[in-house]
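This is what each chain is made of:
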Amino acid sequence: MENEWVIKVNDELMHVEDLTTVEAEHWKKRSIYRVPVGVTDVSKKAYKPQVVSFGPYHHGEDHLKTMEAHKHRALLHFLKRSGKSLTCYIDSLQQVAQDLKDAYDSLDPIWQNDTNAFLQLMILDGCFMLEILKTAADDPLLIDQSQHAQQYDYAPNDPIFSNHGKLHLMPYLKRDMLMLENQLPILLLDKLLAIKSQEEKSEGLHLDCIEQDDEQCINKLILDFCNPHSRAKGLGKCLHVLDVYRKSLLWEDPALAKTRPRKTPKVSHQSTGDEIIRSAMELHEAGIRFKMSKTRSLKDISFHGGILKLPLIMVDDATEAMFLNLIAFERFHVGAGNEVTSYIFFMDNIIDNAKDVSLLHSSGIIQNAIGSDQAVAKLFNSLSKDITLDPDSSLDLVHKRVSDYCKQQWNEWRANLIHTYFRSPWAILSVIAAIFLFALTIVQTLYGVYPYYHPRA
């Protein structure tokens, strides 16, 4: 057994000229990952699709099989509308079949060895996703279905591709589309859309974005569905839906981004050691005010002149799963960045309990759509479990400035005074009463001493 292993390793060494280059190319192709058990323990439900599977990882699971019939329907509508045969799409995807497989980390041998079955899965899931994006994007072609029956060929009472479906089912589809294990390579959507758009252009029909390059068209369709309020543009080449969504959360208007001070090199190593941000209430006691940033970019966090600016965030039932999958993507995809993880780490620092959430809500920073303030505090505290912060994070400068501000003697004294004597109405009343009694004592003493020094004639 040992000799066979030695022979195998020596044979591999002979055929690998540059091991580093080979490994780099191998990992460069990966963009969709299985989330290990150690990570999913935080919230198993957050990483598993509940309504529909996209890609091979969850295909065939019992609770997702209902949607397979709808995928087949969507494929028929997609092909009929495009005017192209299924063979045309298969032939086009055959050229990139290995690239599509390589996008998946730890792809099951069943899919790796059966290209025909893998491409069938890609086409069914890819066409279904494009139909969802097109339906949910409020495209002008879909507004008046009576006048565009040929382009919009779904029945008005369709359970998915109708106004009813948009209201009752699309939110769940969106949640599943933002799960790391449930992604499709953007290359697949590019290829499918490229073939379809050729036919639409030849007939003079097009979506709003078809005249742009297919890359930007895909990004726009995804954003219209997943983040319709985003003003993000020019996101460049993305990997999948989750990557597009992540980049939209971090996108900054170039004009506004230039005015924000940037992190100086290794500023964190110049600090005195403890850079953990205090809770929002403690910062408030130290004289720090909270304001909403001008943009909703998660990178738009700044501190200047005693004012900490944070972007507006809506917290709802989908927030936990969304952030956990974004954090997982940054964790497993080398080069993705650490911005979302840094944001969650920062928010966990300043949110300890319901009072912190209430303060941020009153400042217009948190919109609570899940119930109690305590539930929001618990959410952010759980999101940061087992995450690590990049020491060169762009938030390092903010950490240092806030910490230095709190360490100033006056601000420390002010915080201690408020924390000790003004944390509750009863404490405030006690302080007022003590001051009043002290003043009365002084007055009484003065009245007692005055006759001694100024006796009456």
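Parameters and conventions
Residues numbered from 1 in each chain as written. Predicted model: local features only at pLDDT ≥ 70, side-chain atom pairs only at ≥ 80, totals over all residues. Heavy atoms only, no water. Helix = DSSP H or I, 4+ residues; strand = E, 2+ residues; numbered from the N terminus. Buried < 20%, exposed > 50% of the residue type's maximum accessible area, 1.4 Å probe, protein only. Areas by Shrake-Rupley, 256 points an atom, 1.4 Å probe, with all protein chains shown as cover. 1 Å grid on protein atoms, 1.4 Å probe; cavity = no way out; pocket = protein on both sides within 12 Å on 5 of 7 lines; lining within 4 Å. Points joined across faces, edges and corners; volume = space filled by probe spheres on them. Pairing = 2+ DSSP bridges. Axes fitted to C-alpha atoms, helices over the stretch in contact; angles between N-to-C directions. Contact = heavy atoms within 4.5 Å. Polar contact = N/O pair within 3.5 Å; in protein donor to acceptor, adjacent residues only side chain to side chain. Salt bridge = Lys/Arg side-chain N within 4 Å of Asp/Glu carboxyl O.

## Looking at the overall build of the protein
Check the secondary structure of the protein and you find 23 helices and five strands. In the protein, buried positions account for 46% of the 457 residues. As displayed, the protein offers around 24,600 Å² of accessible surface, 56% of which is attributable to carbon and sulfur atoms.

## Digging into empty space enclosed by the protein
Leftover empty space is mapped by rolling, across the atoms, a probe with the size of a water molecule. Counted under the stated rule, the structure contains two cavities of 30 Å³ or more. Size it by volume and the second largest cavity reaches roughly 40 Å³.

## Notes on the sheet that holds strand E1 (residues 289-292)
In space, the three strands of this open sheet follow the order E1-E3-E2, with mixed pairing throughout. Edge positions in the sheet fall to E1 and strand E2 (302-304), since each of these pairs with one other strand and no more. Averaged over all neighbouring strand pairs, the angle between strand axes comes to 25°, with direction disregarded.

## Examining the pairing of strand E3 (residues 307-310)
Relative to E3, E1 runs parallel, the two being bridged by four bridges. Each residue of the ladder has a partner; that of phenylalanine 290, found in E3, is leucine 308. Here E2 runs beside E3; their pairing, made up of three bridges, is antiparallel. The partner of serine 302 across the bridge, within E3, is lysine 309. Remark: two residues form the turn of the hairpin made by E2 and E3, two consecutive strands paired antiparallel; glycine 305 in that turn has positive phi of roughly 60°.

## Some thoughts on the side chain of histidine 77
Among the secondary structure elements, histidine 77 is positioned in helix H4 (residues 66-82). The exposure class assigned to histidine 77 is buried, which follows from its relative accessible area of 17%. Setting aside anything within four residues of it in sequence, one finds histidine 77 in contact with Glu131, Asp153 and Tyr154.

## Some thoughts on the side chain of glutamine 183
Examined against the element boundaries, glutamine 183 turns out to sit in the loop between helix H11 (170-177) and helix H12 (186-202). Separated by 3.2 Å, the side chain of glutamine 183 and the backbone nitrogen of valine 241 make a polar contact. In this structure glutamine 183 touches Ile32, Phe54, Gly55, Tyr104, Met177, Leu178, His240, Val241 and Leu242, once residues within four positions along its chain are discounted.

## A few points about the pattern of salt bridges
In total, this model carries 18 salt bridges according to the counting rule given. For aspartate 62, the salt bridge goes to lysine 65, with nearest N and O atoms at 3.3 Å. Aspartate 62 sits in the exposed class, given a relative accessible area of 64%. Assessed through its relative accessible area of 47%, lysine 65 is described here as partly exposed. Among the salt bridges present, the one from arginine 246 reaches glutamate 330, with a minimum N-O distance of 2.9 Å. Here glutamate 330 lies in helix H17 (residues 319-332) and arginine 246 lies in helix H14 (residues 241-250), a separation of 84 residues in the sequence. Residues arginine 246 and glutamate 330 agree in their burial class; the two are buried. Residues participating in the shared-partner salt-bridge network are Glu68, Lys71 and Asp125.

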